[in-house]
Amino acid sequence: MDFEAVFNSLPSPFMVMNAKFEIVATNQAYLDVTKRTRDSLIGANVFKAFPAGDESRRLVQESFERVRDQGVVDVLPMFSYPLMGDDGLEQRSWSCTHVPILGADGDVAFVLQSAQDISQLGRTVDWVGMSQTETPVGEEAYNRFGMVQVLNETLLATTHHLNRLFMEAPNFMFVLQGCDHVFDMANLAFREFVGQRDLIGKPVREALPEIASQEYIGVFDEVFRSGKAFVGRKMRVLLQSKPGREIAEYFIDFVCQPVLGDDGEVCGIFVEGNDVTDHVRSEQRQALLIRELHHRVRNTLATVQGVMNTTAKSSATIEEFQEAFAGRIASLAKTHAVMTDEPEQSVSFLHLLHQELSPYADDQGLRIRLIGPSVDLPSQIAVPLGMAVHELTTNAAKHGALSKEEGRIEVYWTLVDGERGPALLCEWNEKDGPVIAPPTREGFGSMLLNRVLSQQIRADVTTTYAPEGFRLRMIVPLQAER
């Protein structure tokens, strides 16, 4: 079919402009009503080709801009616009419809104007073969058109306001038509949520193929069939939010409301909702932290009970028991306090060393040397390791290098590959202290190093009681078993 021939043979005047309001096509009826040639119009700006006063131009330009910028049909039922006639510039009355024409990218590429010259409504009108000048009937018809124009302008303003509210609403909204659930409207929030995809005119299965196998198509089918609204809370959806990205998990609250047609039957569905993924993630994290807290409390109570029993067995007097037990519980409390302040419920190994050894450091930094990278310890490792550092420090202060003024402690650590993944390698060296010998009985410190660390966090501990100073080497897996 020769569409250009069809366009030119249409009896109503039509003109097409691009987004800059430059005329790109007219049919013959448009040339006849404007008394212009095609060559004089093609490529010209419409307002240069047809100049007008400020008010007339404003009215028409605002209509063009609404169509171009919002992609909506706009109607000017009656307005005044001058046109060059045989006797010079003539004031004419027009009724125009402006229609958007979309390009391949989905944006408005052209604006089609359908123009009707209705100037004769206010002039001499021939009613049933009778000629009257400014007849009451003609005046009444003209006045009615004026009222229609006011009503249409009010309706258009209300429509534009409601459309703006719909498009800019913070919650996502969209409208589906028919039993195939074809997108008829979608606001900016929903377009952003689904990755700015091309939705309008496409069924949900085609526009959002990743949700075809999820429960949402069934929800839409049931609302369309039953005519009953559906409310979903914290519903999981797998969605590709951006082109090229992997499908990710989201959670949404939404309401599906049936839309009834003139016959009272369901013809579509209005959907409104919002993304509550952050809220659900927060609830999940809170539940995880509560479970972690319960687990830690049980472990802590068991640790306190073990510390009390072992301290009692290794203490000769009540006073000795009180002093040792109080120091160990204080060390345990310090470690828990640090982890409580950390969002990830972890503590650095350097902090554990600092909180025990810093009271013995000198201003020159010679007595205590701590050398190693930053290593964060999860709670299940930090608690027993913190107690071990406390016992090493206490023993050094009572019997080892810290019991003499010239004594020194050097701690070196690094990360290594262990049998079960990353591991902390630590070496504790005491120098310039008194001559020492292996203990004759197993106290709490020895039991903690040799048995608790190996059983609770699978640490490999080696101790050396050399005459020149105590040395310890341990390898601690950083993925401890619960």
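No experiment lies behind these values; they were computed from the predicted model shown.

K.L.:
What is the right way to look at the pattern of salt bridges in this model?
P.N.:
Two side chains that carry opposite charge are able to pair once their charged atoms sit near each other. For the coordinates displayed, the defined rule picks out 19 salt bridges. The salt bridge partner of Glu55 is Arg58, with a shortest N-O separation of 2.4 Å. Linking Glu55 with Arg58, this pair stays in helix α5 (residues 54–70), spanning 3 residues, or about one helical turn. With a relative accessible area of 52%, Glu55 lands in the exposed category. By relative accessible area, Arg58 is classed as partly exposed at 35%.

K.L.:
Explain the sheet that holds strand β8 (residues 172–177) to me, please; I cannot follow it from the model alone.
P.N.:
Backbone hydrogen bonds are what pair the strands of a sheet, in a parallel or an antiparallel way. In spatial order, the strands read β9-β8-β12-β11-β10; together these 5 strands make up an open sheet with antiparallel pairing. Two strands in the sheet have a free side with no partner beyond their single neighbour: β9 (182–186) and β10 (230–239). Taking the axes of each pair of neighbouring strands and ignoring which way they run, one obtains an average angle of 35° across the sheet. Where β8 and strand β12 (residues 266–275) come together, 6 bridges link them in antiparallel fashion. From the neighbouring strand, Gln177 faces β12, where its bridge partner is Gly268.

K.L.:
I keep staring at unusual backbone geometry and nothing clicks. Help me out?
P.N.:
For residues besides glycine, phi is generally negative; the peptide bonds are generally trans as well. Positive phi, close to 65°, is recorded for Phe21, a residue that is not glycine. Residue position: Phe21 is located in the loop between β1 (14–18) and β2 (23–26). Accessibility expressed as a relative area gives 6% for Phe21, which makes it buried. Positive phi values are uncommon outside glycine, yet His181 reaches one of about 60°.

K.L.:
How should the packing of aromatic side chains be read in this particular structure?
P.N.:
In this description, an aromatic ring pair is defined by two values, namely the gap between the centres and the angle between the planes. As enumerated under the stated definition, the model contains 15 aromatic pairs in all. For the ring pair Phe172 and Phe193, a centre distance of 5.7 Å and an interplane angle of 10° mean the geometry is stacked. Residue Phe172 is found in strand β8, and its partner Phe193 is found in helix α7 (residues 188–193); the two are separated by 21 residues along the sequence. The same class applies to Phe172 and to Phe193, which are both buried. Between Phe230 and Phe254, the ring centres sit 5.7 Å apart and the planes meet at 40°, which makes this aromatic pair tilted. Of this pair, Phe230 sits in strand β10 while Phe254 sits in strand β11 (residues 248–260), and the two are 24 residues apart along the sequence. Taking the relative accessible area as the measure of exposure, Phe254 reaches 2% and is therefore buried. The ring centre of Phe47 lies 4.4 Å from the NZ or CZ of Arg57, which sits over that ring.

Definitions and cut-offs
Residues numbered from 1 in each chain as written. Predicted model: local features only at pLDDT ≥ 70, side-chain atom pairs only at ≥ 80, totals over all residues. Heavy atoms only, no water. Salt bridge = Lys/Arg side-chain N within 4 Å of Asp/Glu carboxyl O. Helix = DSSP H or I, 4+ residues; strand = E, 2+ residues; numbered from the N terminus. Buried < 20%, exposed > 50% of the residue type's maximum accessible area, 1.4 Å probe, protein only. Pairing = 2+ DSSP bridges. Axes fitted to C-alpha atoms, helices over the stretch in contact; angles between N-to-C directions. Phe/Tyr/Trp six-rings, centres within 6.5 Å; stacked < 30°, edge-to-face > 60°. Lys NZ or Arg CZ within 6 Å of the ring centre and 35° of its normal.

Purely geometric numbers; function is a separate question.
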